[in-house]
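# Geometric and topological summary
Below, each chain spelled out in residue letters.
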Amino acid sequence: SPARERLCVTHPDLIAEVARTVRAKLRENPTLDAASISPNDGGLNSFCMCERCRRMDPPAAPRVDIRYQVEGRQRYVSYPSLSDRYAAFYSKVAELVAAEFPDRMVGAYAYSVYRTPPLYVKVHPNVFVGFVGLTYVNDTALERDRQSWNGWAASVEKLLLRPNLFHAGGGLPLIYARKMAADIRHCYETGMIAADFDSVIHHWATQGLNYYLLARLLWDPSQDVEAIIEDYCRAGFGEAAPSVRAYYARLEALTDELARTIGEAARGLKEEELREEEEDDAAQAAR
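Heads up: these notes are all about the structure in this document. All values derive from a computational prediction rather than experimental measurement.

On to the side chain of Asp 145. With respect to the helices and strands, the residue Asp 145 is situated in helix α4 (residues 139-153). On the basis of relative accessibility, which here comes to 2%, the residue Asp 145 falls in the buried class. Of the polar contacts made by the side chain of Asp 145, one reaches the backbone nitrogen of Leu 134; its length is 2.9 Å. Residue contacts for Asp 145: discarding those within four places in its chain leaves Arg 115, Phe 131, Gly 133, Leu 134 and Thr 135.

The interhelical angle for the contact between helix α5 (residues 177-189) and helix α6 (residues 204-219), taken along N-to-C directions, is 20°, at an axis separation of 10 Å. The orientation of α5 with respect to α6, classified from their angle, is roughly parallel. Note that α5 runs across α6; the crossing there is right-handed. Of α6, the residues touching α5 (which contributes Ala 177, Met 180, Ala 181 and Ile 184) are Asn 210, Leu 213, Leu 214, Leu 217 and Leu 218. Among the residues making up the contact of α5 with α6, the classes are represented as eight nonpolar, one polar and no charged.

Cis geometry marks the peptide bond from Asp 198 to Ser 199, where omega comes out at -5°. Turning to its location among the elements, Ser 199 is positioned in the loop between β7 (192-195) and α6. The backbone of His 202 shows a phi angle near 65°, a positive value even though the residue is not glycine. Note that His 202 resides in the loop between β7 and α6. Assessed through its relative accessible area of 55%, His 202 is described here as exposed.

On to the side chain of Gln 207. Relative to the helices and strands, Gln 207 is located in helix α6. The residues contacting Gln 207, other than those within four sequence positions of it, are Phe 166, Ala 168, Gly 171, Leu 172, Leu 174 and Tyr 176.

For the rest of this paragraph, the subject is the nonpolar core. One broad rule of soluble globular proteins: the nonpolar side chains tend to lie buried together. Among the nonpolar cores identified, the biggest contains 68 residues, and Val 93 and Leu 161 are the most heavily contacted of them. At eight residues, helix α3 (residues 83-98) tops the list of elements feeding residues into this core. Apart from the residues lying within four places of it in its own chain, the contact partners of Leu 161 are Phe 131, Gly 133, Leu 134, Trp 149, Ile 184, Cys 187, Met 192, Ala 194, Ala 195, Asp 196 and Phe 197.

Strands pair in a sheet through their backbones, by hydrogen bonds, and they do so in one of two ways: parallel or antiparallel. What the five strands build is an open sheet, ordered β1-β4-β5-β6-β7; its pairing is parallel. With one partner strand each, in any of the chains shown, β1 (34-36) and β7 form the two edges of the open sheet. On average, each strand axis in the sheet is tilted by 30° relative to the strand beside it, whichever way the strands run. Here strand β6 (residues 159-161) runs beside β7; their pairing, made up of three bridges, is parallel. Bridging across to β7, Leu 160 finds its partner in Ala 194. Strands β4 (105-110) and β5 (127-131) of the sheet are contacted by α3, whose axis makes an angle of about 170° with β4.

Glancing now at helix α1 (residues 12-28). Here α1 spans 25 Å end to end across 17 residues, near enough to the 24 Å set by a 1.5 Å rise per residue. For α1, every residue scored as buried is listed here: Leu 14, Ile 15, Val 18, Ala 19, Val 22, Arg 23, Ala 24 and Leu 26. Its buried side turned inward, α1 meets β1, α3 and β4.

Rules used in this analysis
Residues numbered from 1 in each chain as written. Predicted model: local features only at pLDDT ≥ 70, side-chain atom pairs only at ≥ 80, totals over all residues. Heavy atoms only, no water. Helix = DSSP H or I, 4+ residues; strand = E, 2+ residues; numbered from the N terminus. Buried < 20%, exposed > 50% of the residue type's maximum accessible area, 1.4 Å probe, protein only. Polar contact = N/O pair within 3.5 Å; in protein donor to acceptor, adjacent residues only side chain to side chain. Contact = heavy atoms within 4.5 Å. Axes fitted to C-alpha atoms, helices over the stretch in contact; angles between N-to-C directions. Parallel < 35°, antiparallel > 145°, perpendicular 65-115°, else oblique. Left-handed = near helix turned anticlockwise from the far one by under 90°. Nonpolar A, V, L, I, M, F, W, Y, C, P; charged D, E, K, R; others polar. Core = buried A, V, L, I, M, F, W, Y, C linked by side-chain atoms within 4.5 Å. Pairing = 2+ DSSP bridges. Expected span 1.5 Å × (residues − 1).

Any functional reading would require information that these geometric values do not contain.
Written out as structure tokens, the structure reads:
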């Protein structure tokens, strides 16, 4: 896809050009607090693997699955997270921009195969990071995302929470009120200054409680989740509120059970993959 190319983010000419473009944008728009330098989203293209880029990828970084194509067919390769190379790119651009605009930000995502926090790169203070994570249908993935958020929170001052949360389930009655409330409060306490949830897909009959709870908590994360649930059931269902609340409580318990089951299965598959990698490494060493 020509619209979603993967760029060589360690190339000095690219860094200089992106910084030039950002400075021009900030000059033209004096009210902008930040300008985006985030990589392209999606698409089938893989990532640059030139020697300079690969030198930025620590072998000790968490492993990720990078997609590429061979003769039109998709393949995946296990490789260290690309977060260090992207954090370095963001920071170098921010440094060049800060020379003219010391009080303005550059914004970029922690996403895809650069979602985990960088191991070694110190992030420039003018980088504003949008973290794409949190899921409530896989406990293993949720714990990974929570750890990644905390890692980024230790590296940057300002964070945007940007989950693809409401795509999960395709309209099934998934309720995760208490988990989401705990995460919103924690993110607010650890650097979240804004949020962008993708997306309200209008599954009001099955997930309306999630939408309502999120809107209330983003307005004021200190609110009591039980009181919000009670308000939703009372205002929406009147005398049936006790029965509806019991219904939502049961759905939430089932959602938690589903997330635990899927998480355990995913963890088991990952452990099997790691064993296979260790066996392959041992076979290679023996040869």
